[in-house]
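One-letter residues, chain by chain:
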Amino acid sequence: MHSSSKKLIDKKTLLAMIPLCERTIYNFEMKGKFPRRIAVSSRKVVWDLAEVEEWIDTCRESGPAPRPGMAV
């Protein structure tokens, strides 16, 4: 048993935190650019809150995203 308890969030909570559509989040997960979902049953998935918060912090630290069609 783990000594530290992890807080898990459901899809509704995740979507309230992350202003992206479900498909974009899924695509980011498949590319390794977003924390992977955890299947807790055949019909329920959750995310580790700490991993999601870390992803948000990383986005914040990287600055504004380049605009489409703009030279980097």
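About the thresholds
Residues numbered from 1 in each chain as written. Predicted model: local features only at pLDDT ≥ 70, side-chain atom pairs only at ≥ 80, totals over all residues. Heavy atoms only, no water. Pairing = 2+ DSSP bridges. Helix = DSSP H or I, 4+ residues; strand = E, 2+ residues; numbered from the N terminus. Contact = heavy atoms within 4.5 Å. pLDDT = per-residue confidence, 0-100.

Chemist: A description of the sheet that holds strand E1 (residues 8-10) should follow, citing residues and the corresponding values.
Modeler: Strand order in this open sheet of 3 strands is E1-E3-E2, and the pairing throughout is antiparallel. The sheet is open, and its two edges are formed by E1 and strand E2 (38-39), each paired on a single side. The pairing of E2 with strand E3 (residues 45-48) spans 2 bridges and is classified as antiparallel. When the bridges of E3 are listed, alanine 39 appears paired with valine 45.

Chemist: Just give me the short version of the side chain of glutamate 29, but keep the residues and values in it.
Modeler: Mapping glutamate 29 onto the fold places it in helix H2 (residues 22-30). Excluding residues that lie within four positions of it along the chain, glutamate 29 makes contacts with Phe34, Pro35, Arg36, Arg37 and Trp47.

Chemist: Can you explain the confidence of the model for the protein? Please cite residues and give values.
Modeler: The predicted coordinates ought not to be read in detail in places where the model reports low pLDDT. Of the residues in the protein, 90% reach a pLDDT of 70 or more, and the chain-wide mean stands at 89. Looking across the protein, the model is least confident in helix H3 (residues 49-61), with a mean pLDDT of 94, and most confident in E3, with 98.

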